[in-house]
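Coordinate inspection notes
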Amino acid sequence: RHIGNLEITKENQDQFKDITEVTGYVSVMAAKFEAPKLETVGGNVYVSSDAKLEAPKLQTVGGSVSVYSEAKLEAPLLQTVG
């Protein structure tokens, strides 16, 4: 669990691969972030251009979801977006 906001970059993406919950927002910038255990984001999800977020267990986002330009979001179980 990560309390607060989380900005994912190429440099720090491996640190957070086992995260299950983020209480704030998640911003993925210029990285391919694989988060196989992530289920809940309390705030918004932003995926910047040329970035990719793979979150196969993500079910709930409390805020909005924004996917920009050539970015990709893979979250097949996503059911609720605030």
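Here, every reference points to the structure presented above.
Residues numbered from 1 in each chain as written. Predicted model: local features only at pLDDT ≥ 70, side-chain atom pairs only at ≥ 80, totals over all residues. Heavy atoms only, no water.

Brief notes about the overall build of the protein
Basically, it comes down to this: Only DSSP runs of H or I reaching four residues or more are called helices, and only runs of E reaching two or more are called strands; each is numbered from the N terminus. In this setup the radius of gyration rests on C-alpha atoms only. A globule is expected at 2.2 Å times the number of residues raised to 0.38.
A tally of regular secondary structure across the protein gives zero helices and 11 strands. Along its sequence from the N terminus, the protein presents helices and strands in the succession β-β-β-β-β-β-β-β-β-β-β. By the compact-globule yardstick of 12 Å for 82 residues, the protein fits well, its C-alpha radius of gyration being 11 Å. With the C-alpha coordinates aligned to their principal axes, the bounding extent of the protein is approximately 25 × 25 × 20 Å.

A short note on the side chain of Ser 27
Defined as follows: Whether two residues touch is decided by their heavy atoms; if any such pair falls within 4.5 Å, the residues are in contact.
Relative to the assigned elements, Ser 27 resides in strand β3 (residues 26–28). With near-sequence residues (within four places) excluded, Ser 27 lies in contact with Leu 6, Glu 7, Ile 8 and Tyr 46.

Some words on the nonpolar core
In a soluble, globular protein the nonpolar side chains are often hidden away together inside. Filter applied, for reference: Nine residue types can take part in a nonpolar core, namely buried Ala, Val, Leu, Ile, Met, Phe, Trp, Tyr and Cys, and a core is a set of them joined through side-chain atoms within 4.5 Å. Accessible area is worked out with a 1.4 Å probe on protein chains only. A residue is then buried under 20% of its type maximum, exposed over 50%, and partly exposed in between.
By size, the foremost hydrophobic cluster in this structure holds 21 residues, and its most contacted members are Ile 8, Val 28, Phe 33, Leu 38, Val 41, Leu 53 and Leu 58. With residues up to four places along the chain from it excluded, the contact list for Ile 8 reads Gln 13, Phe 16, Ser 27, Val 28, Met 29, Ala 31 and Phe 33.

Concerning the sheet that holds strand β9 (residues 65–67)
The condition that has to hold: A pair of strands is treated as paired once DSSP finds two or more bridges between them. The axes used here are C-alpha line fits, helices contributing only the stretch in contact, and every angle between their N-to-C directions lies in the interval 0 to 180 degrees.
Strands sit in the order β1-β3-β6-β9 across an open sheet of four strands; the sheet is parallel. Edge positions in the sheet fall to β1 (6–8) and β9, since each of these pairs with one other strand and no more. For this sheet, the mean inter-axis angle between neighbouring strands, taken without regard to orientation, is 5°. Taken together, the three bridges between β3 and strand β6 (residues 45–47) define a ladder with parallel strand orientation. Paired with Val 28 across the bridge in β6 is Val 47.

Quick look at the pattern of salt bridges
Opposite charge on two side chains permits them to pair, given that their charged atoms come into close proximity. Here is the rule: Definition used for salt bridges: Asp or Glu carboxyl oxygen within 4 Å of a side-chain nitrogen of Lys or Arg.
Evaluation of the coordinates by the stated rule reveals six salt bridges. The closest approach of N and O atoms between Asp 18 and Lys 37, which form a salt bridge, is 3.7 Å. In this pair, Asp 18 is assigned in the loop between β1 and β2 (21–22) and Lys 37 in the loop between β4 (32–34) and β5 (40–41), connecting sequence segments 19 residues apart. Of the residues examined, Asp 18 reaches a relative accessible area of 49% and is grouped as partly exposed. The class for Lys 37 is partly exposed, based on a relative accessible area of 39%. Where Glu 54 meets Lys 32, a salt bridge forms, and the shortest distance between an N and an O atom there is 3.7 Å. You can see Glu 54 sitting in strand β7 (residues 52–54) and its partner Lys 32 sitting in strand β4, a full 22 residues away along the chain. Since its relative accessible area comes to 18%, Glu 54 is described here as buried. With a relative accessible area of 44%, Lys 32 lands in the partly exposed category. A single salt-bridge network, built from bridges that share partners, covers Lys 32, Glu 34, Lys 52, Glu 54 and Glu 74.

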